[in-house]
Amino acid sequence: MITRIRKSVDIKKIEIYAATGIYGFILLLLLARVADSNVNVVWTPYRYMFNEYGLHYSYSKYYFFPMVARYTLYFLAFLLWNFVIIPSLIEKRKTTLMILLAVALFGAIWLFCGITDTWLKGYLFYKKSPGYVYNLVFKTNLVYAVWVMMMLTLYSVIKHVANYLLNNTEKIESEYKVLTRDSIIALVVWMLLIFGLLLVDANTGVICLFFLTIPVAIGVHGLSTYSLIPTTLAINKRFFTYWFKVAIVTAAVSIPALFILALVLNRGEEVGITACFNAAFQLLVVAPFSWISYKRRLAGKAEILNLKTALGTSAANLDFLRSQINPHFLFNALNTLYGTALQENADRTGEGIQRLGDMMRFMLQENMHEKILLTREIDYLNNYIALQKLRTQTSPDIRIEVQIEDHILGLQIAPMLLIPFIENAFKHGISLREPSHIKITLQTKEGKLYFDVHNSIHTRPDNDPEKGKSGIGLVNVKQRLKLLYNNKHELIIRENASEFFIHLTLNLA
């Protein structure tokens, strides 16, 4: 779904519009001060230097135009770096030229920052020592140019990592089950948030707070979805047990990270605030959110499975009904009855008509039920086999063995589940020109059904319209078994050049 959404949106245009909007907004803010009658008394970062030397300060000359020039350079650098240099380097096109262009861009930013810095300070650095001039123009602005290039690079890295994560969500979820779709989206938002905080030079404590809290939250949510919640629900425990596990995981992950932050920052108060906020956020926000979202997802999956099962069952029953009541079957049955009537009196014809009527009644009535008694399913099988025997009993080379248990009480089965295997056997296992055999066995034991069909296979003539076609309903019955008896059946199908064998074990208890 995410991939489809992203394909429908031109990300490049959004980036250009966003960058242009921010650039225009900054220019409007700078321009708004020009229109202010008291602009020359408005505070700016370097105004104190003019006051110190008792010089007249001009907002437009010493702040507006230098800052407009600097932000224009940033805007053009963003477009060049993001849409020309980085894409070419990734695709390995004109690599040498792009590297030279990147170096030139860095030099231009360094030089331009130095030039605008002299305007912002009104050339006052000339009154200082040569060492001050070096530190101000070269060293300070070199560091600033490096910071600008780092921000441009960081944005490109975040963009391409986010693009990969969002476009490969399903693959990542399957390979790294802890990373759920929600975690991937949160990870992308976290990267953008950290970038924004660095861009505005936010307080170190705020950056540390988000730098620690969000990754821990992502880890807790992913681990909860993959392990903590399923194991808790598996032993019928409640939310408090899961909440206690989250507390242990949060402590195990956060304490080492907080210790490292304390050593690096050497600010005990900020680290303490970060620790308290992190613990509260994980236990009071992430844990309940993960629990609720998992339960809702579980309910949604169960509902989808029920709908699929109902839809699959209805479609399968309809397909079976159509496959049974079709001209091919009816014409074969009528031809059988017609041949029988020519050979003898009406006894066998009447038997055939009666069995056919029972089968039709079964298909039109009981086949519509979700479950029927196994004895009724066996009656249908016996009627079908007896009807087929009427057609084949005059051929001495056709051997049909049937061992179906008669006395089965209480067990129920989905209707029309076994007949496709027998139909397939008679379709592919009987030849009026070659020796043929079919063996069918069915028995039950301790609530389990054991069903075997073993038949010969004959090569069909090239002009046979049925050549190359699979047995009636075999694909359909596999689908029904998966939907209705998932993890409660075993189906083995074996075939060689002359024989075909199926074995079905079905748990009906």
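Our subject is the structure that appears above.
Residues numbered from 1 in each chain as written. Predicted model: local features only at pLDDT ≥ 70, side-chain atom pairs only at ≥ 80, totals over all residues. Heavy atoms only, no water.

Here we come to the overall build of the chain. The number of helices and strands found in the chain is 16 helices and seven strands. Within the chain, buried positions represent 39% of all 509 residues. Summarising the internal contacts of the chain: among those between residues at least 6 apart in sequence, 72% fall at separations of at least 24. For the chain, the exposed surface amounts to about 29,400 Å²; the carbon and sulfur share of it is 63%. (Helix = DSSP H or I, 4+ residues; strand = E, 2+ residues; numbered from the N terminus. Buried < 20%, exposed > 50% of the residue type's maximum accessible area, 1.4 Å probe, protein only. Contact = heavy atoms within 4.5 Å. Areas by Shrake-Rupley, 256 points an atom, 1.4 Å probe, with all protein chains shown as cover.)

Scanning the entire structure with this criterion turns up ten aromatic pairs. Plain terms: the ring middles of tyrosine 23 and phenylalanine 75 are 4.8 Å apart, the flat faces sit at 10° to each other, and that makes the pair stacked. Remark: phenylalanine 75 occurs in helix α4 (residues 59–90) and tyrosine 23 occurs in helix α2 (residues 11–34); sequence separation between them is 52 residues. A relative accessible area of 16% places phenylalanine 75 in the buried class. One aromatic cluster in this structure is built from Phe78, Phe83 and Tyr155. (Phe/Tyr/Trp six-rings, centres within 6.5 Å; stacked < 30°, edge-to-face > 60°.)

Within the element layout of this structure, valine 253 appears in helix α10 (residues 239–265). Look at valine 253 and you get partly exposed, because its relative accessible area is 45%. The sequence separation of valine 253 and valine 220 amounts to 33 residues, and the corresponding C-alpha distance is 9.6 Å.

What follows is about unusual backbone geometry. Notably, lysine 92 is not glycine yet its phi reads approximately 60°, a positive angle. Positionally, lysine 92 belongs in the loop between α4 and α5 (95–120).

Turning our attention to the pattern of salt bridges. Opposite charge on two side chains allows them to pair when their charged atoms are near. Counted by the stated rule, this structure contains three salt bridges. Ionic pairing is found between arginine 93 and glutamate 91, a salt bridge with its closest N-O pair at 2.6 Å. Among the salt bridges present, the one from arginine 399 reaches glutamate 401, with a minimum N-O distance of 2.6 Å. Its relative accessible area of 28% is what places glutamate 401 among the partly exposed residues. (Salt bridge = Lys/Arg side-chain N within 4 Å of Asp/Glu carboxyl O.)

Another aspect to go through is helix α16 (residues 474–484). Taken residue by residue, α16 has Leu474, Asn476, Val477, Arg480 and Leu481 as its buried positions. Down the axis of α16, the buried side of the element spans an arc of 155°, and every buried residue falls inside it. For α16, the exposed residues set more than 90 degrees away from the buried face come down to Val475 and Lys482. (Arc of directions from axis to C-beta.)

Right, let's talk about the pairing of strand β7 (residues 499–507) for a bit. As paired elements, strand β5 (residues 448–456) and β7 share nine bridges and run antiparallel to each other. Residue pairing across strands places aspartate 452 opposite histidine 503, the latter belonging to β7. Looking at chain direction, strand β6 (residues 489–495) and β7 are connected through seven bridges and run antiparallel. Bridging from a neighbouring strand, glutamate 495 pairs with phenylalanine 500 of β7. (Pairing = 2+ DSSP bridges.)

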